[in-house]
There are 12 protein chains.
Amino acid sequence: MKLLIINGPNLNLIGQREEEIYGKESFLDYFEALKVNKKIDLDYFQSNIEGVMIDTLQSSNHDGVILNAGGYTHTSVAIRDCVKAIKVPVVEVHISNIMERESFRHVSMISAVAEGCIFGFGLKSYDLAIDYFLQK
Amino acid sequence: MKLLIINGPNLNLIGQREEEIYGKESFLDYFEALKVNKKIDLDYFQSNIEGVMIDTLQSSNHDGVILNAGGYTHTSVAIRDCVKAIKVPVVEVHISNIMERESFRHVSMISAVAEGCIFGFGLKSYDLAIDYFLQK
Amino acid sequence: MKLLIINGPNLNLIGQREEEIYGKESFLDYFEALKVNKKIDLDYFQSNIEGVMIDTLQSSNHDGVILNAGGYTHTSVAIRDCVKAIKVPVVEVHISNIMERESFRHVSMISAVAEGCIFGFGLKSYDLAIDYFLQK
Amino acid sequence: MKLLIINGPNLNLIGQREEEIYGKESFLDYFEALKVNKKIDLDYFQSNIEGVMIDTLQSSNHDGVILNAGGYTHTSVAIRDCVKAIKVPVVEVHISNIMERESFRHVSMISAVAEGCIFGFGLKSYDLAIDYFLQK
Amino acid sequence: MKLLIINGPNLNLIGQREEEIYGKESFLDYFEALKVNKKIDLDYFQSNIEGVMIDTLQSSNHDGVILNAGGYTHTSVAIRDCVKAIKVPVVEVHISNIMERESFRHVSMISAVAEGCIFGFGLKSYDLAIDYFLQK
Amino acid sequence: MKLLIINGPNLNLIGQREEEIYGKESFLDYFEALKVNKKIDLDYFQSNIEGVMIDTLQSSNHDGVILNAGGYTHTSVAIRDCVKAIKVPVVEVHISNIMERESFRHVSMISAVAEGCIFGFGLKSYDLAIDYFLQK
Amino acid sequence: MKLLIINGPNLNLIGQREEEIYGKESFLDYFEALKVNKKIDLDYFQSNIEGVMIDTLQSSNHDGVILNAGGYTHTSVAIRDCVKAIKVPVVEVHISNIMERESFRHVSMISAVAEGCIFGFGLKSYDLAIDYFLQK
Amino acid sequence: MKLLIINGPNLNLIGQREEEIYGKESFLDYFEALKVNKKIDLDYFQSNIEGVMIDTLQSSNHDGVILNAGGYTHTSVAIRDCVKAIKVPVVEVHISNIMERESFRHVSMISAVAEGCIFGFGLKSYDLAIDYFLQK
Amino acid sequence: MKLLIINGPNLNLIGQREEEIYGKESFLDYFEALKVNKKIDLDYFQSNIEGVMIDTLQSSNHDGVILNAGGYTHTSVAIRDCVKAIKVPVVEVHISNIMERESFRHVSMISAVAEGCIFGFGLKSYDLAIDYFLQK
Amino acid sequence: MKLLIINGPNLNLIGQREEEIYGKESFLDYFEALKVNKKIDLDYFQSNIEGVMIDTLQSSNHDGVILNAGGYTHTSVAIRDCVKAIKVPVVEVHISNIMERESFRHVSMISAVAEGCIFGFGLKSYDLAIDYFLQK
Amino acid sequence: MKLLIINGPNLNLIGQREEEIYGKESFLDYFEALKVNKKIDLDYFQSNIEGVMIDTLQSSNHDGVILNAGGYTHTSVAIRDCVKAIKVPVVEVHISNIMERESFRHVSMISAVAEGCIFGFGLKSYDLAIDYFLQK
Amino acid sequence: MKLLIINGPNLNLIGQREEEIYGKESFLDYFEALKVNKKIDLDYFQSNIEGVMIDTLQSSNHDGVILNAGGYTHTSVAIRDCVKAIKVPVVEVHISNIMERESFRHVSMISAVAEGCIFGFGLKSYDLAIDYFLQK
């Protein structure tokens, strides 16, 4: 099994900024630990550019994608269309509980076309998404 | 670790009805297997009555509650207030992907006061919620 | 043919209160006359508790249910889910013309999953629902 | 007792088109059988023109009108005003369950000024409306 | 000076129905008195059919039209387009105070393209519209 | 017969500003001509202060008030309450066609409690309001 | 004079939870002191179940009910219908200032059918409601 | 203890107008009786001018203000800002049950910044507000 | 191949009115040229009456209909139902760019049931619709 | 160059109240320093009364007005109309960042008719407005 | 004549995915055939990146652009601004009938600034857009 | 002090297009003059790509950023998140008065997280933003 984590805009800043929302751990440190713990083939990609995220989704040949589209979650019809069009199953994750934040974060364009969605567990949201693919 | 699963209205019918949404497996069969697989102390409670669910939440002395409030998810201020008031951490789960169903199911009154939310993975949504408590 | 009438909250007060809306006849008197006139096997159940109405719907083994969900009509996703989940056909009735009352009564959560809906004919709404099952 | 059925736009096509919604029976065949079965004096009028339906409502001298205003149901203030202005009692019927179709069909301009409303029972909706007038 | 009064749906019933809103005087009696009092060349047309009202507006060669579009006031883009397209100036009138009635009567599609609007003065609304054309 | 014209905020600027909307004539010149033409006892009051307009309405002992509340028209519950509370009949007027201007001008808080409303005829709107009181 | 206080869901937790909103005093301690101070015959009932609250309201034979419907305040048509249907006068109270909390708490289904409403004074809201019945 | 009652627009007319809403008693008579009954130092101020009400609030050196902002209740950000800015505690009162009147009266700009709110008890609303300050 | 163009209300005025929107060419001149240029069997029908347009659509035996429903485009459920019910394919056209005009023109009831839609190209919109049928 | 600063309701309290929003500096101290620093002829006017602010705007003969309309910003059509009607250019300023406060502060009636708008810079917002007039 | 087709996000997948919506033909095959059939100088550009589409639009020196902005159609103010700012005329096309899909696809930010719009004809939508430029 | 100006999509066209909105001056000419006049270290960056703007914001080590996000202003949660996450203070500017343009331009996603906002002063908006940083 080979999985891909795609992080969207500003998620490269995790661990450096807004620690009260995203925690103190850098995503790359977390990612390295994750590969070791889960013992799976795991790739990571981050971009601030919506269209480059779509390019990456389209060219993925993984068994599953774990997608945190960051700020594009709430407005991107293009990412939604991409998730629906590709054959690789996609699980949507969010670090924070998007439903207790501003109201414009309560809507996700992606949820309806993802296999499922996990949010609010901090970085553990990624753990749970991997567990899902492993148990499937 | 001792956990409690609370299922709300009509979730006693899982496996008997609307198999295209909820699958064919009975929840009780699934629950028995879950106890064996996860090797934890796990209780189960189901009610169709909103206030009885609140009674159960208030009197819980578990380490965590996994709550699928069914149809009350979308309207119940009372369950929300209860989840916020009690000290036991609550994870919200849904079997189906509520965001690809009718628009009145897109709003959850509970998400904002839960630790996090997992939906769309079929009965595996409960698995992942237990994993979360185990890893915590 | 065996039918069940389920009345929701406050409908036990029919004939005692708000006569300009619901008329002067007590529902139980009306019900007794109905059994005689229609010559069918007819049961009656009333509860003020949403979840108890769901319990009753789930355990019904009748050929049809005539459901007046009263105030729960306008908000209950849980009753809607139940009506959709069970195999017994359900006809929705209302005594008053809900469309000429307050705007929050103009929406019914139940209509879309019922076989059909009859409202505004006073207690005769129940008569017509029984006629429908008899003619079917 | 003398009743009048008024059908609005496109209801002349019943039995020829969209059989999954309206069924296979032609309305005229149904109407002839209805006259025989109900043993009442029954007239029938159909028009695609909103204002001609109003002309017919205004000039009716029947004991009751059974009105299916078709697509005008959802927007016509003029038919509403007419139903309210005339003395003949009007019952609103719909063949399909308008509440499980597109959202623009969920609003009826006519319901609030009709005696009552019956929808979702196929052509039997007309039967029940006649029953109402007979029992009244 | 030659003026035309166009009345829309159900306004032929003035004086016969809903006297608390429209008063007891028949429009034709009022119209005859109006011709005498105002000493102008005055025509009158009434139709329940939206498109026939448009035909009449298009073919008018009067110095002004006084238009009470009745129930079409609130929804008719077609009458609006016609009033805007023709060269004859149009004054909108209503007998009742449309702003103290149901909320769907608070919007007029016609006002923005009429010269002006007069409502709430009973049949005197027509008087004032004629005064406007005379003083102009 | 003794009438009072009350003009609200900025209407003292008529004839000096925004001539494409309000015309070139000063209101005071128009007012003087009006008194001569209509041969009635006519008072005039203008204020930019909402509460002073209310003071004036409350203390009026005229046979009628012609009220152009200017920018307060669209928001003032207080003026509405005053118009409803006093015994003197009030006619609402506007110089411009408020329905062809910005959408926030399409709603009047006052219309529903006034006898009637006249708008869009330039300064002639006041003429017509006086005609109404004279003919009444 | 005999009064009844009915508290809805989660109000049994007052004094134990969310002290920043509800204060530290237990409701039962407060209630005992209230009986002594006000020198009236005072009953108390609490339930988390909407329909059981309705049962209690229907069977009350008190001179007045003081109702804090908790989370059901904002959605319950059924409690509203009950308050309207019974003869016992009902005063609505809330401990917190519901208008400075989340927007879904700004709407009360009950206010329009209660005698009056008192909110935001902490437990003193109940005191004032009793004062009202005593002074009446 | 020294309290101030501030009444907003049109509340000087209480007892003279709209008796079905506000009752027959003049506010000044009521106020004189109140001073005697409550045995406190009580001032009274009424104005129809929003900004003068703000001036009064700003310069108050009382132990509490009882504010009925009348028609400004529903729209005034300026009064809200003032209530929030001053140190004197403010209790909002309304004579009528604003929630059973027109929908534009259902929103209060002031409630969220007041200590609490009392409405629907007729002139007794003021009594209860004074009781609150006395018991505090 | 035999096609039918149906034009709705006020489209008989093309070339005579509002030239800035619809151009100077009369539709009949354009139509004659179109028949010559496209070398197909082409019929033309115009009516201001919604129901007569429906009659014409129902009785069409052409290979395709090009429908410009004018002002009925934005509100007519009845024309929508008709287009959906008949077997002849319908292409929706508009002369002007309806999306740069008033907001009430941005919604078309017809688009969702037409084969496709072409707007904004002046009279060339009809050309393109014919091209579509020819290439099909 | 001669400029006028107009401050609306409650802005006389700057420096005394809500220091977390408006800072500790009194506006008059700030104003005196501003006159010295900017070396221009600068007037200052403050009122809590909407209409008095309009009087002042109308009678201004300055080269520019710097307007902070306080709580009237969000609702006043009358101030908007005044700013549009007068010839003196107006710059809108706000001390706080109105877009990070309550949602009812996100709309300004004035912005669309002002030359421009500056908000969120504390008292420096006034500095920048003066700079604009100086650089113009 | 030299034209440019610009396709937005995911339109590179046409012919490979979601054949029920977009058909089986690859866009590149279609494009090659188009160049042959239409005998014009035709360029093609596709990108998943919104800003790169804008770069391409800005640098176009063609006689016309045929733009299918895919998922950016519904949200992109930036593409709208670009289409409005450049001199090259732009025709908007969509393969599917966007009005019979999800409601968030019913709004196009681009239509109002394009010359016209063609949608719902499958790949033939591009054909018709080219025809338009050729006939112009 | 070292500042950075970031311009978003289409702002490279300033001075070339839509002169009635943006003026005739090229931004680069203006920028060069600005560096000379303000005597500060000033960088400039423009991109049509949302994510590249985010990259630039994240890597900025300036003392302040002046951000005109162009069309992304109104929809970009991603830029908002970036502005909030970085430590460099950001001032939002717009050349035109966005509040007098289309309603979709009235909302800014960025304002609430910027230090402040300046709009409507033409290119001088940038001047004022620099003044702010200089005076700070």
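The present account deals with the structure reproduced in this document. The structure displayed is predicted, hence computed values, not measured ones.

## Regarding the overall build of chain A
Secondary structure summary: chain A contains 5 helices and 5 strands in total. Seen in sequence order, chain A has helices and strands lined up from the N terminus as β-α-α-β-α-β-α-β-β-α. Seen through its principal axes, chain A has C-alpha atoms that stretch 35 × 35 × 25 Å. Partitioning the contacts of chain A with sequence separation of at least 6, the portion at a separation of at least 24 is 76%. Roughly 4,700 Å² of accessible area belongs to chain A as shown, and the carbon and sulfur atoms make up 48% of that amount. Side chains of chain A carry 13 positive and 18 negative charges; the gap between the two charge centres is 3 Å.

## Some words on the packing of helix α5 (residues 124–135) of chain A against helix α5 (residues 124–135) of chain B
Packed helix pairs are characterised by how far apart their axes lie and by the angle those axes make with each other. Direction vectors running N to C along α5(A) and α5(B) enclose 130°, while the axes themselves pass 10 Å from each other. Classified by the angle their axes make, α5(A) and α5(B) are oblique. The two elements α5(A) and α5(B) cross, and the hand of that crossing is right-handed. Facing A:Lys124, A:Asp127, A:Leu128, A:Asp131, A:Tyr132 and A:Gln135 of α5(A), the residues of α5(B) in contact are B:Lys124, B:Asp127, B:Leu128, B:Asp131, B:Tyr132 and B:Gln135. Of the residues in the contact of α5(A) with α5(B), the class split is 4 nonpolar, 2 polar and 6 charged.

## What to know about the sheet that holds strand β4 (residues 90–94) of chain A
One open sheet holds the 10 strands; their spatial order is β2(A)-β1(A)-β3(A)-β4(A)-β5(A)-β5(B)-β4(B)-β3(B)-β1(B)-β2(B), and the pairing between them is mixed. In this open sheet, the two edge strands, each paired with only one partner strand, are β2 (41–46) of chain A together with β2 (41–46) of chain B. Between one strand axis and the next, the sheet turns through 20° on average, direction left out of account. Across 4 bridges, the pairing between strand β4 (residues 90–94) of chain B and strand β5 (residues 116–119) of chain B is parallel. In the strand pairing of β5(B), B:His94 is matched with B:Phe119.

## Re the sheet that holds strand β4 (residues 90–94) of chain I
Ordered in space as β2(I)-β1(I)-β3(I)-β4(I)-β5(I)-β5(K)-β4(K)-β3(K)-β1(K)-β2(K), the 10 strands form an open sheet in which the pairing is mixed. Because the sheet does not close on itself, it has two edges, and the strands there are β2 (41–46) of chain I together with β2 (41–46) of chain K. Between one strand axis and the next, the sheet turns through 20° on average, direction left out of account. As judged from the 3 bridges shared by strand β3 (residues 64–68) of chain I and β4(I), these two strands associate in the parallel manner.

## Comments concerning the state of the cysteines
Disulfide: a covalent bond formed between the sulfur atoms of two cysteine residues. If you walk through the whole model with that rule in mind, you get 0 disulfides over all chains. In this structure A:Cys82 is not part of a disulfide, and its nearest cysteine sulfur, from A:Cys117, lies 17 Å away. Residue A:Cys82 is classed as buried on the basis of its relative accessible area, which comes to 0%. Considering cysteine sulfurs only, C:Cys117 is the nearest to D:Cys117, which forms no disulfide, with 7.0 Å between them.

## As for the pairing of strand β5 (residues 116–119) of chain I
Here β5(I) shows a buried face lined by I:Gly116 and I:Ile118 and a second buried face lined by I:Cys117 and I:Phe119. Looking at chain direction, β5(I) and strand β5 (residues 116–119) of chain K are connected through 3 bridges and run antiparallel. Bridge assignment links I:Ile118 to a residue of β5(K), and that residue is K:Ile118.

## Focus: the pairing of strand β4 (residues 90–94) of chain C
Residues in a regular strand point their side chains to alternate faces of the sheet. All names here are of chain C. Across the 5 residues that make up β4, a large majority, 5, are buried. Of the two faces of β4, the one carrying Val90, Glu92 and His94 and the one carrying Val91 and Val93 are both buried. Crossover strand β3 (residues 64–68) to β4 through helix α4 (residues 77–85) is right-handed.

## Overview of the relation of the copies chain B and chain A
When chain B is fitted onto chain A, the two copies agree to an RMSD of 0.0 Å after a turn of 180° and an axial shift of 0.0 Å. Taken together, the rotation angle and the small translation identify this as a two-fold axis. Of every C-alpha in chain B, the one belonging to B:Ile118 sits nearest the axis of rotation, 2.2 Å from it. Both copies share a contact surface, since 100% of the interface residues of chain B are interface residues in chain A too.

## A short note on helix α2 (residues 27–38) of chain J
Residue and element names in this part refer to chain J. Across its 12 residues, α2 extends 16 Å between first and last C-alpha, which sits within 8% of the 16 Å expected from 1.5 Å per residue. Within α2 the residues assigned to the buried category are Phe27, Tyr30, Phe31, Leu34 and Lys38. Looking down the long axis of α2, one finds its buried residues gathered within 100° of arc, a one-sided arrangement. Relative to its buried face, α2 has exposed residues pointing more than 90 degrees away, namely Asp29 and Val36.

## Quick look at the interface of chain B and chain A
Facing the 22 residues of chain B at the interface are 22 residues of chain A. Here chain B meets chain A over a buried area of about 1,900 Å², counting both sides, of which 61% is carbon and sulfur. Inspection of the region where chain B meets chain A yields 0 salt bridges. Between chain B and chain A we count 8 residue pairs in polar contact (both at pLDDT 80 or more) in total. For the side of chain B that touches chain A, the element with the most residues is α5(B), which contributes 6 residues. Its residues assigned to classes, the side of chain B that touches chain A comprises 10 nonpolar, 5 polar and 7 charged.

## Some thoughts on the layout of surface pockets
By volume, the second largest pocket amounts to about 1,200 Å³. Around the second largest pocket, the lining comprises 35 residues; the ones closest to its centre are A:Ser103, A:His106, A:Val107, B:His106 and B:Val107. Counting residues per element, the ones that place at least two in the lining of the second largest pocket are α4 (77–85) of chain A together with α4 (77–85) of chain B.

## Considering the relation of the copies chain A and chain L
Applying a rotation about an axis and a shift along it to one chain copy brings it onto the other copy. With an RMSD of 0.0 Å, the fit of chain A onto chain L corresponds to turning through 120° and sliding 0.0 Å along the axis. The operation mapping one copy onto its partner corresponds to a three-fold rotation axis. Residue by residue, only 19% of the interface of chain A is reproduced at the interface of chain L, so the copies engage with different surfaces.

## A word on the environment of G:Lys35
Residues and elements named next belong to chain G. You can see Lys35 is positioned in helix α2 (residues 27–38). Taking the relative accessible area as the measure of exposure, Lys35 reaches 29% and is therefore partly exposed. Residues Lys35 and Ala112, spaced 77 residues apart in sequence, show a C-alpha to C-alpha distance of 28 Å. Residue contacts for Lys35: discarding those within four places in its chain leaves Ile40 and Leu42.

## Let's talk about the pattern of salt bridges
This model, assessed by the stated rule, comprises 73 salt bridges over all chains. A salt bridge links F:Asp81 to H:Arg105; its shortest N-O distance comes to 2.8 Å. Of this pair, F:Asp81 sits in helix α4 (residues 77–85) while H:Arg105 sits in the loop between β4 (90–94) and β5 (116–119), on two different chains. Accessibility assignment for this pair places F:Asp81 and H:Arg105 in one class, buried.

## Looking at helix α4 (residues 77–85) of chain L
Residues that lie three or four places apart on an α-helix share one face, since the helix turns once every 3.6 residues. Residues and elements named next belong to chain L. For α4, the buried fraction is high: 8 of the 9 residues fall into the buried class. By the burial criterion, the buried members of α4 are Val77, Ala78, Ile79, Arg80, Asp81, Cys82, Val83 and Ala85. Structurally, α4 contributes buried residues whose contacts are with α3 (50–59), β3 (64–68) and β4 (90–94).

## Digging into the interface of chain A and chain L
Each partner contributes to the interface: chain A provides 16 residues, whereas chain L provides 18 residues. Approximately 1,400 Å² of surface area, both sides summed, lies buried where chain A meets chain L, with 52% of it carried by carbon and sulfur atoms. There are 2 salt bridges connecting chain A and chain L. Here chain A is connected to chain L by 5 residue pairs in polar contact (both at pLDDT 80 or more). For the side of chain A that touches chain L, the residue count by class is 5 nonpolar, 6 polar and 5 charged.

## Some words on the packing of aromatic side chains
Pairs of aromatic rings are described using the distance from one ring centre to the other and the angle between the two planes. Here the structure, examined in full by the defined rule, presents 84 aromatic pairs over all chains. With a centroid separation of 4.4 Å and 55° between ring planes, the pair formed by E:Tyr132 and F:Phe121 is classed as tilted. Residue E:Tyr132 is located in helix α5 (residues 124–135), and its partner F:Phe121 is located in the loop between β5 (116–119) and α5 (124–135); the two belong to separate chains. Given the relative accessible area of 6%, F:Phe121 is considered buried. One aromatic cluster is present, built from ring pairs that chain together A:Phe27, A:Tyr30, A:Phe31, A:Tyr44 and A:Tyr126.

Rules used in this analysis
- Residues numbered from 1 in each chain as written.
- Chains lettered and ligands numbered in written order.
- Predicted model: local features only at pLDDT ≥ 70, side-chain atom pairs only at ≥ 80, totals over all residues.
- Heavy atoms only, no water.
- Helix = DSSP H or I, 4+ residues; strand = E, 2+ residues; numbered from the N terminus.
- Contact = heavy atoms within 4.5 Å.
- Areas by Shrake-Rupley, 256 points an atom, 1.4 Å probe, with all protein chains shown as cover.
- Lys, Arg positive; Asp, Glu negative; His and termini not counted.
- Charge placed at Lys NZ, Arg CZ, Asp CG, Glu CD.
- Axes fitted to C-alpha atoms, helices over the stretch in contact; angles between N-to-C directions.
- Parallel < 35°, antiparallel > 145°, perpendicular 65-115°, else oblique.
- Left-handed = near helix turned anticlockwise from the far one by under 90°.
- Nonpolar A, V, L, I, M, F, W, Y, C, P; charged D, E, K, R; others polar.
- Pairing = 2+ DSSP bridges.
- Disulfide = S-S within 2.5 Å.
- Buried < 20%, exposed > 50% of the residue type's maximum accessible area, 1.4 Å probe, protein only.
- Right-handed = clockwise from strand over helix to strand, strands pointing away.
- Least-squares fit on C-alpha atoms with pLDDT ≥ 70 in both.
- Expected span 1.5 Å × (residues − 1).
- Arc of directions from axis to C-beta.
- Buried area = accessible area lost by both parts, 1.4 Å probe.
- Salt bridge = Lys/Arg side-chain N within 4 Å of Asp/Glu carboxyl O.
- Polar contact = N/O pair within 3.5 Å; in protein donor to acceptor, adjacent residues only side chain to side chain.
- 1 Å grid on protein atoms, 1.4 Å probe; cavity = no way out; pocket = protein on both sides within 12 Å on 5 of 7 lines; lining within 4 Å.
- Points joined across faces, edges and corners; volume = space filled by probe spheres on them.
- Phe/Tyr/Trp six-rings, centres within 6.5 Å; stacked < 30°, edge-to-face > 60°.

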